[in-house]
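Here is how the chains run, residue by residue.
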Amino acid sequence: MPVFADVDTGVDDAMALVYLLASPDADLVGIASTAGNVGVQQVCVNNLGLLELCRAGSIPVSKGSEHPLSAPLRTAEDTHGPEGLGYARLPATDRQLTEHDAAQAWVSAARAHPGELIGLATGPLTNLALAMRVEPGLPRLLRRLVIMGGAFDYRGNTTPVSEWNISVDPESAAEVFGGWTAAWGTDAPEHLPIVLGLNLTEHIAMTPQLLGRLAEAAGSPTAPMSELDERGTRSAAVNPLIRVLEDAMRFYFEFHFDTDDGYLAHLHDPLAAAVALDPELVQYRQTTVDVELAGTLTRGMTVADWRGHWGLPPNALIGVRVDPAVFFDRFIDRVGPFAHSLGPT
Ligand code: RIB
Ligand code: CA
């Protein structure tokens, strides 16, 4: 299945890309770099370096807008580290960005795979919105769209009511949700975007024990991490991919520990990647979603009209249930052997 991933590579975006590269049923045909967790140039560097680490083929990486549609860029180095991948260091690479930008990359990929392309967005929706301005019919060209974003009947992680990807660029999210209805009208139910909010993704908690299972599956066992470790301790894994994932995850564990979530890490984006390849991993409720843009306290809030007060056609399938054990089994079954194939250095 051809997949186009729009990411603000950060730690969990990186793990989502690794999952796609490790999945035999995924053909990653392009990557859009979106400003979010870190600035867009750093996202590009992370994406290119990750492809080098994974010895991926020549997958085009495009650079997106420097900033959201109409808001100043905010970044999250406190969560993902100064370069977006925690303590991890990626290999140098001579891979280059495409000449065209991320919005054009979306449109070109959709036109190259009409009705077949699976779109995955795990960062702010800036470049997807810009792509839909270039090609308003983009929703009709996609086989599936999975968005990691929002929080439905659930608290935010960036403000009391808004989730990071939406909060960074609420206008783009409103344009994407509104543009879907404009493109499909009311005959859309079988083509609604899948939207995975914090209400779902915060059930996917990576732990040191699960990370240890991954290292075992890669033939590169390591000592389980703990909040008692000295901060910034580097991975001793012999496998290059496990080493990068452990160094990235340690920073992410430390952030979650410091914000009272416990010594764990929510894998928002890897869940979205797994759902992009297999929507049956999650149960959904169909509804109409819009985004608050003007609220003093609520800007960036995703609002689901569960009871049809607005009288508008549905424009989203909201993920409402997932079995974390099924996800982690699949994640480890795919990424473990993939990492092993990269061999220790
Ligand atoms: O709120 C979680 C989302 O924001 C994830 O995609 C994470 O990578 C950040 O972009
Ligand atoms: Ca992300």
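Residues numbered from 1 in each chain as written. Chains lettered and ligands numbered in written order. Predicted model: local features only at pLDDT ≥ 70, side-chain atom pairs only at ≥ 80, totals over all residues. Heavy atoms only, no water.

Peer 1: Sorry, what's going on with the overall build of the protein here?
Peer 2: A tally of helices and strands in the protein yields 13 helices and 12 strands. Here the protein has a C-alpha radius of gyration of 19 Å; the compact-globule value for 345 residues is 20 Å, and the two agree. Along the first, second and third principal axes, the C-alpha set of the protein runs to 55 × 40 × 35 Å. Expressed as a percentage of the 345 residues in the protein, the buried residues total 60%. The contacts in the protein between residues at least 6 apart in sequence include a share of 81% that link residues at least 24 apart. (Helix = DSSP H or I, 4+ residues; strand = E, 2+ residues; numbered from the N terminus. Rg over C-alpha atoms; globule rule 2.2 N^0.38 Å. Buried < 20%, exposed > 50% of the residue type's maximum accessible area, 1.4 Å probe, protein only. Contact = heavy atoms within 4.5 Å.)

Peer 1: What should I look at first to understand the side chain of Asp 305 in this one?
Peer 2: Take Asp 305: it is sitting in the loop between β11 (302–304) and β12 (316–322). Notably, Asp 305 is buried but unbridged: the nearest opposite-charge side chain belongs to Arg 307, and the N-O separation is 7.8 Å. Within the structure, the side chain of Asp 305 is placed 2.8 Å from the backbone nitrogen of Trp 310, a separation counted as a polar contact. Setting aside anything within four residues of it in sequence, one finds Asp 305 in contact with Thr 287, Thr 288, Trp 310 and Gly 311. (Lys, Arg positive; Asp, Glu negative; His and termini not counted. Salt bridge = Lys/Arg side-chain N within 4 Å of Asp/Glu carboxyl O. Polar contact = N/O pair within 3.5 Å; in protein donor to acceptor, adjacent residues only side chain to side chain.)

Peer 1: What exactly am I supposed to notice about the sheet that holds strand β9 (residues 282–287) here?
Peer 2: Within a beta sheet, neighbouring strands are joined by backbone hydrogen bonds and run either parallel or antiparallel to one another. The strand order across the open sheet formed by 8 strands is β3-β2-β1-β4-β5-β6-β12-β9, and the pairing between neighbours is mixed. Edge strands, defined here as strands with exactly one partner in the open sheet, are β3 (61–63) and β9. Within this sheet the neighbouring strands show an average axis-to-axis angle of 25 degrees, counted without direction. Pairing analysis gives 4 bridges linking strand β1 (residues 2–7) to strand β4 (residues 117–121), with the strands arranged parallel. Note on β4: the bridge partner recorded for Phe 4 is Gly 119. (Pairing = 2+ DSSP bridges. Axes fitted to C-alpha atoms, helices over the stretch in contact; angles between N-to-C directions.)

Peer 1: Help me out: how do you make sense of the packing of helix α4 (residues 102–112) against helix α5 (residues 126–134) in this one?
Peer 2: Geometrically, a packed helix pair is captured by the angle between its two axes and the distance between the axes. Axis separation between α4 and α5 bottoms out at 8 Å; the angle between their running directions is 60 degrees. If you check the angle between α4 and α5, you find them oblique. The chirality of how α4 crosses α5 is right-handed. Residues Ala 102, Ala 103, Gln 104, Trp 106 and Val 107 of α4 touch α5, and the partners they reach there are Asn 127, Leu 128, Leu 130, Ala 131 and Val 134. Across the contact of α4 with α5, the residue classes tally to 8 nonpolar, 2 polar and no charged. (Parallel < 35°, antiparallel > 145°, perpendicular 65-115°, else oblique. Left-handed = near helix turned anticlockwise from the far one by under 90°. Nonpolar A, V, L, I, M, F, W, Y, C, P; charged D, E, K, R; others polar.)

Peer 1: Help me understand the side chain of Glu 202 in this model?
Peer 2: Among the structural elements, Glu 202 can be located in the loop between α9 (198–201) and β7 (205–206). Since its relative accessible area comes to 14%, Glu 202 is described here as buried. Reaching out from Glu 202, the side chain makes a polar contact with the side chain of Tyr 154 at a distance of 2.6 Å. Polar side-chain contacts of Glu 202 include one of 2.7 Å to the side chain of Arg 155. With residues up to four places along the chain from it excluded, the contact list for Glu 202 reads Tyr 154, Arg 155, His 266 and His 268.

Peer 1: What is the right way to look at the nonpolar core in this model?
Peer 2: Proteins that are soluble and globular tend to have nonpolar side chains buried together. Within the largest apolar cluster, 75 residues are counted, with the highest numbers of intra-cluster contacts made by Leu 20, Leu 28, Leu 196, Met 206, Leu 241 and Met 249. With 10 residues, helix α1 (residues 11–22) is the single largest residue contributor to this core. Setting aside residues no more than four positions away along its own chain, Met 206 makes contact with Met 15, Leu 211, Met 249, Phe 253, Leu 264, Ala 265, Leu 267, Phe 328 and Phe 331. One finds Ala 102, Trp 106, Ala 183 and Ile 318 within the second-largest nonpolar core, a separate group that totals 37 residues. (Core = buried A, V, L, I, M, F, W, Y, C linked by side-chain atoms within 4.5 Å.)

Peer 1: Before we go on, may I ask you to explain the packing of α1 against helix α2 (residues 40–53) in this structure?
Peer 2: At a minimum axis distance of 11 Å, the contact between α1 and α2 shows a crossing angle of 35 degrees. Between α1 and α2 the crossing geometry is right-handed. Contact residues: α1 offers Ala 14, Leu 17, Val 18 and Leu 21, while α2 offers Asn 47, Leu 50 and Leu 51. By residue class, the composition of the contact of α1 with α2 is 6 nonpolar, 1 polar and no charged.

Peer 1: Before we go on, may I ask you to explain unusual backbone geometry in this structure?
Peer 2: Residues apart from glycine generally show negative phi values, whereas peptide bonds are mostly found in trans. The backbone of Arg 55 sits at a positive phi, close to 50 degrees, despite the residue not being glycine. If you trace the backbone, Arg 55 turns up in the loop between α2 and β3.

Peer 1: For this particular structure, what's the right way to read the site of ligand 1?
Peer 2: Around ligand 1 sit 14 residues in total, of which Asp 12, Asn 157, Glu 163, Asn 165 and Asp 269 are the nearest. Contacts to ligand 1 include Thr 122, whose backbone N or O atom sits 2.9 Å from an oxygen atom. If ligand 1 stood free it would expose 270 Å²; the protein chains cover 97% of that surface. At the level of elements, α1, α7 (164–168) and α12 (268–277) are the ones that each hand at least two residues to the shell around ligand 1. Residue composition of the shell around ligand 1, grouped by class: 3 nonpolar, 6 polar and 5 charged. (Near = heavy atom within 4 Å. Areas by Shrake-Rupley, 256 points an atom, 1.4 Å probe, with all protein chains shown as cover.)

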